[in-house]
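Each chain, written out:
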Amino acid sequence: MDKITTIKGFKDILPDETGKWQYIEENARRIFACFGFSEIRTPILERTELFKRSIGESTDIVEKEMYTFTDRGDESLTLRPEATASVIRAYIEHALYAKDNIAKLYTIGPMFRRERPQKGRYRQFHQINAEALGIEDPRIDAELILMLTHFLDQVGLSEVALEINSLGCIRCRSDFKKSIVTFLKGKEKDLCEDCRRRITTNPLRVFDCKVQTCAEIIKDAPGLLDFICTECSDHFEKVKDSLQLFNIPFRINPKMVRGLDYYTKTAFEVTTNLLGAQNAIAGGGRYDALVKHLGGPDVAGIGFAIGFERLLALVSMKDKQFSDVPQLFIAALGEAAQKKAFVFCNRLKLKGIPSEMDYTGKSLKSQMKRADKLESLYVLILGDKEIAENSAELRNMRKSTQETVELDRIEEIVIRKIQEG
RNA sequence: GUGGGUGUAGCUCAAGUGGUUAGAGUGCCGGGUUGUGGCCCCGGAGGUUGAGGGUUCAAGUCCCUUCACUCACCCCA
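Caption draft 1: How the structure looks around the overall build of chain A. Each helix and strand counted, chain A has 17 helices and 16 strands in total. The C-alpha radius of gyration computed for chain A amounts to 29 Å, which surpasses the reference 22 Å derived for 421 residues by more than 25%, pointing to a less compact arrangement than a globule. Its C-alpha atoms give chain A principal-axis dimensions of roughly 95 × 55 × 45 Å. Within chain A, the fraction of its 421 residues that count as buried is 49%. Across chain A, contacts joining residues at least 24 apart in sequence account for 68% of those joining residues at least 6 apart. For chain A, the distance from the average position of its 64 positive side-chain charges to the average position of its 63 negative side-chain charges is 3 Å.

Structure (structure tokens):
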């Protein structure tokens, strides 16, 4: 019989890792709440049309990376490859804009993309997303970036860089696209195969092609930042000014092009060089046309996504205690002692004191070993001798000290000891 | 989808050019102590060498096929 295993690119998150996951999540929740964000949870399965319309038909995600299937009859469904589309869908569907002009939302959960797995890339991966809807002011761009960098700093992430760019609005970007296509016309034969394809699919992508000859050619092309309209460039200036108010270091990367069609104006990425080929640990940007494009009101938006697994890989947390250890382990010897131990052990749990015992009736030595392995603070030794004398031995495992306590008062004594530390 | 690397005990890895019964560390279980953890000492369990086929007197080792993992390209978190 063959073993049944996880499918390619999917991972179990095992008990010794979940503490770290919770630590990251708790920090995100606390900090995001402080910035006025509320949690939203949306389904991981959506109608395929949602992603086609928001992310863009000709993007890699939609063209070849989605888990799409036909549900029984004829409806096409897709496991979400990213969160923003779902959040906006919910925002429109429940008319959240009618309750408040401004909505600040975050969500944490799994995303799915069917790519070849490699370091820092999985087919099921997790993201922490934040979206601010209804604010056009460039200060919110900076505030969101401030929240992101503050969060990364709080969870102990260093050696990361912030890169920003402006992609222009729908109008100036499409003008720019045209000028790039014109520029590349006639030079096709010197471009790599991918870039020849990009001319029709996504000409801006030629900018970050790693092939030497393509880089040479595109070097002389007009830059997006020189091309954007006054409104967009004004917006970008204000974002930069606001970032400087908080001394957030950033680098302008005019070649940064984001992979989703809906981005406009401000785009940003937090990168590292410690993760191999996957250098982006967080990315985001403004998407002022998306809400309307998905059938909602004409509302501005901006958001970011943090790659959970990539973040975890970078955060060193060896000094922190992530798992709860039992405060008391009861080593019981013999029938009568086990019965007493069982009652006592569970009474402590009901009082909120983590306690453990052994049900196998093994030797005291092996029970002590288990208590040690669990890193229990105290061990209560309860045997026939103690039962007969109406007492028990209470051992402090850290200090290796031990004392005899009255059996009738053990509950009270143990609780006091534990509270004293 | 394309290319490289790697598959041996739960985990990390050994086994010159093919050659007895595939080893070690760690972890697990037990003993050394009739009822006391860690350190130390001793013992035990645990393997279809990823799978299938081929060459050979003989394959963990060589050849073919296949699968898995992994890194990279593309793209992205």
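Caption draft 2: Structural view of the packing of helix H14 (residues 335-350) against helix H17 (residues 410-420). At a minimum axis separation of 11 Å, H14 and H17 run at an interaxial angle of 45°. When the interaxial angle is binned, H14 and H17 end up oblique. Viewed along their axes, H14 and H17 form a crossing whose handedness is right-handed. Every residue of H17 that contacts H14 at Phe344, Arg347 and Leu348 is listed here: Ile410, Glu411, Val414 and Ile415. Each residue belonging to the contact of H14 with H17 can be placed in one class, and the counts come to five nonpolar, no polar and two charged.

Caption draft 3: Focus on the pairing of strand E14 (residues 378-382). Of all five residues making up E14, five are buried, and the element is well covered by its neighbours. Because side chains alternate across E14, one face comprises the buried residues Tyr378, Leu380 and Leu382, and the other comprises Val379 and Ile381, equally buried. As paired elements, strand E12 (residues 328-332) and E14 share five bridges and run parallel to each other. Among the inter-strand pairings, Ala332 is bridged to a residue of E14, identified as Leu382. For E14 and strand E15 (residues 391-396), the ladder comprises four bridges, and the chain directions are antiparallel.

Caption draft 4: Here's a closer look at the pattern of salt bridges. In this structure the tally under the stated criterion is 21 salt bridges. Note that Arg409 and Glu406 form a salt bridge whose closest N and O atoms lie 3.9 Å from each other.

Caption draft 5: Representation of the packing of aromatic side chains. For the structure shown, the criterion picks out twelve aromatic pairs. Between the aromatic rings of Phe10 and Tyr67, the centroid separation amounts to 6.1 Å while the plane-to-plane angle is 75°, which identifies the pairing as edge-to-face. Of the two residues, Phe10 is situated in the segment before helix H1 (15-34) and Tyr67 in strand E3 (residues 67-71); the sequence distance between them amounts to 57 residues. Judged by centre distance (4.2 Å) and plane angle (15°), the rings of Trp21 and Phe308 are stacked. A residue pair is termed long-range when its members are at least 10 positions apart, and Trp21 in helix H1 and Phe308 in helix H13 (residues 308-314) qualify at 287 residues. Here Trp21 and Phe308 have matching classes, each one buried.

Caption draft 6: Representation of the sheet that holds E3 in the model. Spatially, three strands are ordered E2-E4-E3 in an open sheet, and the strand pairing comes out antiparallel. A strand with exactly one partner marks an edge of an open sheet, and here the two such strands are strand E2 (45-47) and E3. Averaged over all adjacent pairs, the angle separating strand axes in this sheet is 35°, with direction ignored. In the packing of helix H2 (residues 48-55) onto the sheet, the strands contacted are E2, E3 and strand E4 (75-79), and the crossing angle to E2 comes to about 75°.

Caption draft 7: Fine view of helix H4 (residues 84-93). Counting buried residues along H4, eight of its ten residues qualify, which places the element largely inside the surrounding structure. The set of residues buried in H4 consists of Thr84, Ala85, Ser86, Val87, Ile88, Ala90, Tyr91 and Ile92. Check the buried side of H4 and you find it contacts E2, H2, helix H5 (96-99), strand E5 (103-112), strand E6 (124-133) and helix H12 (290-293). Of the residues trailing H4, Ala95 is marked for its positive phi of about 50°.

Caption draft 8: Fine view of the sheet that holds strand E10 (residues 280-286). An order of E1-E5-E6-E11-E10-E9-E7-E8 is seen for the eight strands of this open sheet, with the pairing classed as mixed. Unpaired on one side and paired on the other, strand E1 (38-39) and strand E8 (251-252) mark the two borders of the sheet. Where strand E7 (residues 161-166) meets E8, two bridges bridge the pair, whose relative direction is parallel. Opposite Glu163, over in E8, you have Arg251 as the bridge partner.

Caption draft 9: Unusual backbone geometry, seen in detail. The phi torsion at Arg72 lies on the positive side, around 45°, for a residue other than glycine. Note on placement: Arg72 falls in the loop between E3 and E4. The backbone phi angle of Asn247 is positive, close to 55°, even though this residue is not glycine. Relative to the elements of secondary structure, Asn247 occurs in the loop between helix H11 (230-245) and E8.

Caption draft 10: A look at the nonpolar core. Counting 49 residues, the largest nonpolar core has Ile88, Leu133 and Leu184 as its most contacted members. Of all the secondary-structure elements, those providing two or more residues to this core are H2, helix H3 (60-65), H4, E5, helix H7 (170-184), helix H8 (193-201), helix H9 (212-219) and H12. The dominant element in this core, judged by the number of residues it contributes, is H4, at six residues.

Caption draft 11: Focus on the side chain of Thr266. Along the chain, the position of Thr266 falls in strand E9 (residues 264-271). Beyond its immediate stretch of four places on either side in the chain, Thr266 contacts Asp141, Asn165, Ser166, His235, Val239, Gly284, Gly285 and Arg286.

Thresholds, definitions, all that
Residues numbered from 1 in each chain as written. Chains lettered and ligands numbered in written order. Predicted model: local features only at pLDDT ≥ 70, side-chain atom pairs only at ≥ 80, totals over all residues. Heavy atoms only, no water. Helix = DSSP H or I, 4+ residues; strand = E, 2+ residues; numbered from the N terminus. Rg over C-alpha atoms; globule rule 2.2 N^0.38 Å. Buried < 20%, exposed > 50% of the residue type's maximum accessible area, 1.4 Å probe, protein only. Contact = heavy atoms within 4.5 Å. Lys, Arg positive; Asp, Glu negative; His and termini not counted. Charge placed at Lys NZ, Arg CZ, Asp CG, Glu CD. Axes fitted to C-alpha atoms, helices over the stretch in contact; angles between N-to-C directions. Parallel < 35°, antiparallel > 145°, perpendicular 65-115°, else oblique. Left-handed = near helix turned anticlockwise from the far one by under 90°. Nonpolar A, V, L, I, M, F, W, Y, C, P; charged D, E, K, R; others polar. Pairing = 2+ DSSP bridges. Salt bridge = Lys/Arg side-chain N within 4 Å of Asp/Glu carboxyl O. Phe/Tyr/Trp six-rings, centres within 6.5 Å; stacked < 30°, edge-to-face > 60°. Core = buried A, V, L, I, M, F, W, Y, C linked by side-chain atoms within 4.5 Å.

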